[in-house]
Amino acid sequence: ASITKMNATDGKIVWKCPLKSSVRNSIAADGGMVFAQDVQGVVYAVEEATGKIAWQKDLKIGVTPALNDGLVAKDGILYAGTGRQLTAFKARTGEVLWQNKEWGRGEGCVATLTLSDNDVLVGSSHWGALYGNDARTGKMLWQDWDEDLRFRASTPAAWGDVMYVVSGRALLMLENKTGRILMRKKFDYCVEVASTPLVTKDAIIFGTATNGIVALNKETLEEKWHFKTRDALILSSPYQGNHPATVETSPVLCGNLVYMG
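In this convention, every chain numbers its residues from 1, walking through the sequence in written order. Two thresholds apply to this predicted model, a pLDDT of at least 70 for residue-level local features and 80 or more for giving and counting side-chain atom pairs, whereas whole-chain, interface and lining totals are computed over all residues. Each side-chain value is derived from all of the structure's non-hydrogen atoms; neither hydrogens nor water enter the calculation.

Just give me the short version of the sheet that holds strand 9 (residues 87-90), but keep the residues and values in it.
The four strands lie next to each other as 7-8-9-10, forming an open sheet whose pairing is antiparallel. Either end of the sheet is taken by a strand with one partner, and the two such strands are strand 7 (72-74) and strand 10 (96-99). Pairwise comparison of adjacent strand axes, ignoring direction, gives a mean angle of 15° for this sheet. Only strands that DSSP links by at least two bridges are regarded as paired with each other. Here a helix means four or more residues in a row that DSSP labels H or I, a strand means two or more in a row labelled E, and each is numbered from the N terminus. In terms of strand pairing, strand 8 (residues 77-80) meets strand 9 through four bridges, oriented antiparallel. Residue pairing for strand 9: Leu78 is matched across the bridge by Phe89. Here an angle of 0 to 180 degrees is reported between the N-to-C directions of two axes, which are lines fitted to C-alpha atoms, with helices fitted over the stretch in contact.

Any details on the sheet that holds strand 14 (residues 140-144)? Residues and values, ideally.
If you trace the four strands from one edge of the open sheet to the other, you get 11-12-13-14, paired in antiparallel fashion. Where the open sheet ends on each side, the last strands, each with one partner, are strand 11 (114-115) and strand 14. In the sheet, strand 11 pairs with strand 12 (residues 120-124) via two bridges, with the strands oriented antiparallel. Looking at strand 12, one finds that Leu115 is bridged to Leu121.

Describe the nonpolar core, naming the residues involved and giving the relevant values.
Residues belong to a common nonpolar core when they are buried Ala, Val, Leu, Ile, Met, Phe, Trp, Tyr or Cys residues joined through side-chain atoms within 4.5 Å. In this scheme, a residue with accessible area under 20% of its type's maximum is buried, one over 50% is exposed, and one in between is partly exposed, where area comes from a 1.4 Å probe on protein chains only. Ranked by internal contacts, the top residues of the largest apolar core, which has 16 residues, are Tyr164, Leu171, Phe187 and Phe206. The set of elements that each furnish at least two residues to this core consists of strand 16 (162-167), strand 17 (170-175), strand 20 (203-207) and strand 21 (213-217). Ranked by residues supplied to this core, first place goes to strand 16 with three residues. By size, the runner-up hydrophobic cluster in this structure holds 15 residues, among which are Ala28, Trp55, Ala80 and Phe89.

Printed below as a string of structure tokens:
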């Protein structure tokens, strides 16, 4: 297990930083540091220039279920862990700023923490709820146990004062500060995937469990287009039967092209 830095132009390995255990989700970067958390709940801060570990902290999260969540860093603060081990650190030193005590993790989850521009940190409990915490103080602002959010693997995508999330058979738009559901778009196909919606000025684009990738008009929520991939090699989305065209990855926009795996 390691974090590896490679040259973007030729793929040459610049350094490799060994870790105690595997990292199964997003890493983060801020202020010349790279951050990761492994499945055993150890948080690492690595110097981007040298690959040396500046500090590490054990969240003491337990090994079952493994910590599969992703972390996020911004403006000198790292947000890591989940449930009652959700913790805000000073990114340079590892000093603890606050730790969540108001909601537990429940089942394992593969979502990454979402940090909105209005300082709401959104965490997840699979088969449970979405939770919003004040990123400055750690205070829980809201929890949303809506039935369409319970079986969610996707990370919410923040856009201004709202966020978009796909879950079950629906796309939902929620208010960041309150968790209030502003709109709900139901589908006749399943979106129980880890795909984070790509939100542009005029479209919402996301992967599905059976129908490949779908783009909706951002204003009307009507389908603009869809692209059905070939059959998935692995049945990663549960209960979908044979030959699903599953897209678990998050679409990325570069110029006028959307890339996904």
